[in-house]
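# Structural description and commentary
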Amino acid sequence: MNPNISGALFMMASMFSFTVNDAFIKMTNGAIPLCQLLLFRGALATVLFFGLAVALRGLRFDLGRKAWGLVLMRCGAEVGAAYFFLTALLHLPLANVSAVLQALPLAVTLGAFLVFKEPVGWRRAGAIIVGFFGMLLIVRPGADGFSIWSIYALIAVCFVTARDLITRKLPKDAPSLTVALSTSAAVTVFFGVASLSEPWVALTPNLTWLICGSAFFILGGYFFSIQTMRVGEVSFVAPFRYTSLIWALLLGFFVFGDWPETLTFVGAGIIVSAGLFTFYRERHLARS
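Residues numbered from 1 in each chain as written. Predicted model: local features only at pLDDT ≥ 70, side-chain atom pairs only at ≥ 80, totals over all residues. Heavy atoms only, no water.

## Side note on the overall build of the protein chain
Put simply, the rule reads: A run of H or I in DSSP counts as a helix once it spans at least four residues, and a run of E counts as a strand once it spans at least two, with each numbered from the N terminus. Using C-alpha atoms as the atom set, the radius of gyration is obtained and then compared with a globule rule of 2.2 Å times the number of residues to the power 0.38. Burial classes follow relative accessibility: with a 1.4 Å probe on protein chains only, a residue under 20% of its type's maximum area counts as buried, one over 50% as exposed, and anything between as partly exposed. In this description, contact between two residues means that some pair of their heavy atoms is separated by no more than 4.5 Å. Note that accessible areas follow from Shrake-Rupley with a 1.4 Å probe, and for residues the cover is restricted to the protein chains shown. Neither His nor the chain ends is counted toward charge; the positive residues are Lys and Arg and the negative residues Asp and Glu. The atom standing in for a charge is NZ when the residue is Lys, CZ when it is Arg, CG when it is Asp and CD when it is Glu.
Secondary structure assignment for the protein chain yields 12 helices and zero strands. Starting at the N terminus and ending at the C terminus, the protein chain contains elements arranged as α-α-α-α-α-α-α-α-α-α-α-α. At 19 Å, the protein chain has a C-alpha radius of gyration in line with the 19 Å of a compact globule built from 288 residues. Reported as C-alpha extents along the three principal axes, the dimensions of the protein chain are approximately 55 × 50 × 40 Å. Across the 288 residues in the protein chain, those meeting the buried criterion constitute 48%. Excluding contacts between residues fewer than 6 apart, the proportion of contacts in the protein chain whose partners are at least 24 apart in sequence is 90%. With the model as given, the accessible surface of the protein chain reaches about 14,300 Å², and the carbon-plus-sulfur share is 70%. Averaging the positions of the 20 positive and the 12 negative side-chain charges in the protein chain gives two centres separated by 10 Å.

This is the structure:
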């Protein structure tokens with residue numbers, strides 16, 4: 001199979017797995033405290049990560065002090081992203097939260113410009129501004145449907161952006177599975193300690209299956225995303241991350257009975273169009 005096609009399929013599989021993981025978390029419907037939920041899911045996911053890393057021989061811990069410092073910063077960003085994203089997810093429709101996250105490529109481009117001084121031409125700068133207005137159509141500050149949970153979704157985008165910018169600075173020889181395993185373990189430990197401050201809830205068989213399903217699919221998401229980076233051109237494969245919005249719409253409708261309002265569709269379309277234009281410009285500049 002053509003490497004680009006393989007990469008695109010891996011990216012779509014990754015986005016599908018991450019979105020199904022989100023659906024499993026949302027199906028818990030707040031029946032278990034978030035910290036306790038993330039502790040159980042994280043513990044199971046960490047064990048699965050370790051098994052995968054050993055099977056693929058992707059573990060190496062002699063990364064150096066600077067690299068481990070970046071990994072630690074990345075873990076902190078992941079903790080913040082998990083808390084704010086999942087809190088928003090438990091209170092907002094799946095498609096709405098997913099639509100806000102589609103602004104991530106634009107946010108990373110802007111962050112790279114502000115933090116690393118990477119050049120951003122007027123065309124990409126314009127796409128970022130247009131995408132920002134598209135996000136306002138989804139969040140709609142001041143409207144009746146606006147809530148604090150919309151702010152949580154935006155904060156989650158900021159944390160994920162920070163995580164991705166830190167990832168860019170990791171040494172090239174830092175194994176992806178080592179970084180992913182370290183992050184999963186750190187998130188598990190953090191929320192495990194945090195769970196001690198709140199009453200624990202006994203797991204029912206239904207909650208147990210939902211947590212196991214979430215851990216399985218988040219492992220699939222990370223595995224396929226790693227495979228994505230190993231085949232095909234990034235500029236060709238990256239736009240397929242927007243398929244997560246399609247999965248979110250389908251799961252939101254068939255599982256939760258949610259269907260976004262027209263303005264949400266318009267905003268999501270603007271964000272996706274701006275993101276695709278940004279990918280096009282980056283590919284064009286790379287060729288030049």
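## Focus on helix H7 (residues 148-169)
Note the cut-off: Each helix should span, by expectation, one fewer than its residue count multiplied by 1.5 Å.
Taking 1.5 Å of rise per residue, the 22 residues of H7 would be expected to cover 32 Å, and the 32 Å separating its terminal C-alpha atoms lies within 8% of that figure. For H7, the full list of buried residues reads Ser150, Tyr152, Ala153, Ala156, Val157, Val160, Thr161, Arg163, Leu165 and Ile166. The inward-facing, buried residues of H7 contact helix H3 (65-91), helix H4 (94-101), helix H5 (104-116) and helix H6 (122-139).

## Quick look at a nonpolar patch on the surface
The cut-off we apply is this: Patch construction takes residues with relative accessible area above 30% that form no salt bridge. Like charges are linked within 9 Å, and nonpolar side chains (Val, Leu, Ile, Met, Phe, Trp, Tyr) are linked within 5 Å. Any carboxyl oxygen of Asp or Glu within 4 Å of a side-chain nitrogen of Lys or Arg constitutes a salt bridge here.
A cluster of nonpolar side chains, contributed by Met27, Ile246, Leu250, Phe253, Phe254, Val255, Trp259 and Phe265, occupies part of the molecular surface with about 810 Å² of accessible area. Following the sequence through the fold, Phe265 ends up in helix H12 (residues 262-287). On the basis of relative accessibility, which here comes to 32%, the residue Phe265 falls in the partly exposed class.

## Observations regarding the pattern of salt bridges
Overall, the coordinates contain five salt bridges when judged by the stated rule. In this structure, the salt-bridge partner of Arg60 is Asp173, at a minimum N-O distance of 3.8 Å. Within this pair, whereas Arg60 is found in the loop between helix H2 (34-56) and H3, its partner Asp173 is found in the loop between H7 and helix H8 (176-194), the two being separated by 113 residues in sequence. Judged by relative accessible area, Asp173 falls into the exposed class, the value being 53%. The residue Arg163 makes a salt bridge to Asp164 at a minimum N-O spacing of 3.1 Å. Salt bridges sharing partners connect three or more residues here, namely Arg60, Asp62 and Asp173.

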